[in-house]
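Examination of the molecular architecture
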2 protein chains.
Amino acid sequence: MMALMKRTPPSSVLLDQQLCFALYAASRSVTAAYRPLLESLGLTYPQYLTMLVLWEQDGLTVRELGDRLQLDSGTLTPLLKRLQQAGLVSRQRRRSDEREVEIRLTAEGEALREPAKAVPECMAARLCLSSEDMQRLRDELKQLAAQLSQPTQV
Amino acid sequence: MMALMKRTPPSSVLLDQQLCFALYAASRSVTAAYRPLLESLGLTYPQYLTMLVLWEQDGLTVRELGDRLQLDSGTLTPLLKRLQQAGLVSRQRRRSDEREVEIRLTAEGEALREPAKAVPECMAARLCLSSEDMQRLRDELKQLAAQLSQPTQV
DNA sequence: GAAATTTCAATTGTACACAATTTAATTTTG
DNA sequence: CAAAATTAAATTGTGTACAATTGAAATTTC
């Protein structure tokens, strides 16, 4: 009798209880919220993040960009080719080390910086979070990622 | 003179200051941390989330699964075909409504539930977060996603 | 109750992610 | 300094995501 009764699964295995799912869903939600804003700039979300890095520091190599964004060349190479196609960046082998490819903003890529400033402002307004709450949440997420990049204990 | 000086960009545009990037990076970090655990089960991360839903409630339609996971048929149909290929689920049109496709766990899919229980336990240990902190972070992320799904004010 | 609308899943096409391999260039070592 | 090892980017292949369209089935509406 008991063996046939349907029991509620332990809360540790319920989707809604999972931090991992909340994180996965929230991340896609945020990306989706950026999409209409970025569409007017002609950028996808990972392309926008890449441009953020370049607006901060131009002339990085693919590897340096990958370090900042935590993405490898398998992701970045095609993404950067599309940004080049769109006329926003140039890709050029370094003469000092021919293995490296330097990514530089074009005038057009540089010009996109101004209209892009509206994006974080618009998103901040939509999130309805105080600046402090946003910082705290951001730091908790950074801490979480840092924890996972630690080599496994035991 | 001043016009040529390189200034530090306003903090609102620095990658490291962005909540959106922290969320994007943390989400990929967590997925990466799950990968080796799920590999032994023969599942990818989205496949694992799908199985979590089915272990909780079997016999859902593609749409119902999509509601729970916030994924559309464009993502789920190929994912479910792979789970079927792996022998973990069956896909069958409902006689009551031929538009709907019912997803059911096979015996093999059901059997995976037990070894899968170790996964959240193992991850919880790696995160080094108290149960309370995990719940709080999870709820903040849910709140954030909910906020973004609101229609834009103003 | 037939036409218009809606719903559901599948399909098509684009763009990430990421593991694994390849190729070329540089650095290290014996 | 030549062979071995390392490094950087690109390539290949698999698996999501998601917009847009398609096709079939069910529902609504006139």
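Since this is a predicted model, take the numbers as computed values, not measurements. What you see as residue numbers is a count from 1 along each chain, following the sequence as written. Each chain gets a letter, beginning with A, and each ligand a number, beginning with 1, in the order they are written. Reporting in this predicted model follows two pLDDT cut-offs: at least 70 for local features of residues, and 80 or more for side-chain atom pairs to be given and counted; totals over whole chains, interfaces and linings ignore these cut-offs and use all residues. To obtain the side-chain values, all non-hydrogen atoms of the structure were included, while hydrogens and water were left out.

**Here's the deal with the protein's contact with DNA strand C**
Taken together, 26 residues lie near DNA strand C, and Tyr24, Arg63, Ser73, Thr77 and Arg91 of chain B sit nearest. A share of 78% is what sugar and phosphate atoms reach among the atoms of DNA strand C within 4 Å of the protein. Threonine 77 of chain B is positioned such that a nitrogen or oxygen atom in its side chain is 2.7 Å from a phosphate oxygen of DNA strand C. The definition of a polar contact used here is a pair of N or O atoms within 3.5 Å, where within protein one atom must be able to donate a hydrogen and the other to accept one, and adjacent residues in sequence count solely through side-chain atom pairs. Taking valine 101 of chain B, its main chain carries an N or O atom lying 3.2 Å from a phosphate oxygen of DNA strand C. Where helices and strands are cited, they refer to DSSP runs of H or I of at least four residues and of E of at least two residues respectively, numbered from the N terminus. Taken together, the elements giving at least two residues each to the surface near DNA strand C come down to α2 (45-56) and α4 (73-85) of chain A together with α1 (19-39), α3 (62-69), α4 (73-85) and β2 (89-93) of chain B. When the residues that make up the surface near DNA strand C are grouped by side-chain class, the tally is five nonpolar, eight polar and 13 charged. Any residue with a heavy atom positioned within 4 Å of a molecule or strand is treated as near that molecule or strand. Here the nonpolar group is Ala, Val, Leu, Ile, Met, Phe, Trp, Tyr, Cys and Pro; Asp, Glu, Lys and Arg are the charged ones; every other residue, Gly included, is treated as polar.

**Brief notes about the nonpolar core**
Of all hydrophobic cores here, the largest spans 93 residues; its most connected members are Leu49 and Leu141 of chain A together with Leu49 of chain B. Only heavy atoms enter the contact rule, under which two residues are in contact if any of them lie within 4.5 Å. Leaving out residues up to four positions away in the same chain, leucine 49 of chain A has contacts with Leu69 of chain A together with Leu15, Cys20, Phe21 and Tyr24 of chain B. What makes a nonpolar core is a set of buried Ala, Val, Leu, Ile, Met, Phe, Trp, Tyr and Cys residues whose side-chain atoms join them at distances within 4.5 Å. Under the scheme applied here, a residue whose accessible area is under 20% of the maximum for its type counts as buried, over 50% as exposed, and between as partly exposed, the area being computed with a 1.4 Å probe on protein chains only.

**Considering the pairing of strand β3 (residues 101-105) of chain B**
All names here are of chain B. Of all five residues making up β3, four are buried, and the element is well covered by its neighbours. Any two strands are treated as partners once DSSP identifies two or more bridges connecting them. Alignment of strand β1 (residues 60-61) against β3, held across two bridges, turns out to be antiparallel. Directly across from threonine 61, in β3, lies its bridge partner glutamate 102.

**As for the protein's contact with DNA strand D**
Close to DNA strand D lie 26 residues; Tyr24, Arg63, Ser73, Thr77 and Arg91 of chain A are nearest. Close to the protein, within 4 Å, the atoms of DNA strand D are drawn from sugar and phosphate at a rate of 77%. Here glutamine 47 of chain B contributes a side-chain N or O atom positioned 2.6 Å from a phosphate oxygen of DNA strand D. Across the surface near DNA strand D, the residue classes tally to five nonpolar, eight polar and 13 charged.

**Quick word on helix α7 (residues 118-127) of chain A**
Taken together, the buried positions of α7 of chain A are Val119, Pro120, Met123, Arg126 and Leu127 of chain A. What you see down the axis of α7 of chain A is that its buried residues fit within an arc of 125 degrees, all on one side. Seen from the open side of α7 of chain A, the exposed residues pointing more than 90 degrees away from its buried face are Glu121 and Ala125 of chain A. Turning to α7 of chain A, the residues buried within the fold contact α1 (19-39), α2 and α6 (113-116) of chain A together with α1 and α8 (131-149) of chain B. This arc is built from the directions going out from the helix axis to the C-beta atoms.

**Digging into the sheet that holds β3 of chain B**
Residue and element names in this part refer to chain B. Strand order across the open sheet formed by three strands is β1-β3-β2, with antiparallel pairing between neighbours. Across the chains shown, the open sheet's two edge strands, defined by having one partner strand only, are β1 and β2. Taken together, the five bridges between β2 and β3 define a ladder with antiparallel strand orientation. By the bridge assignment, arginine 91 is partnered in β3 with isoleucine 103.

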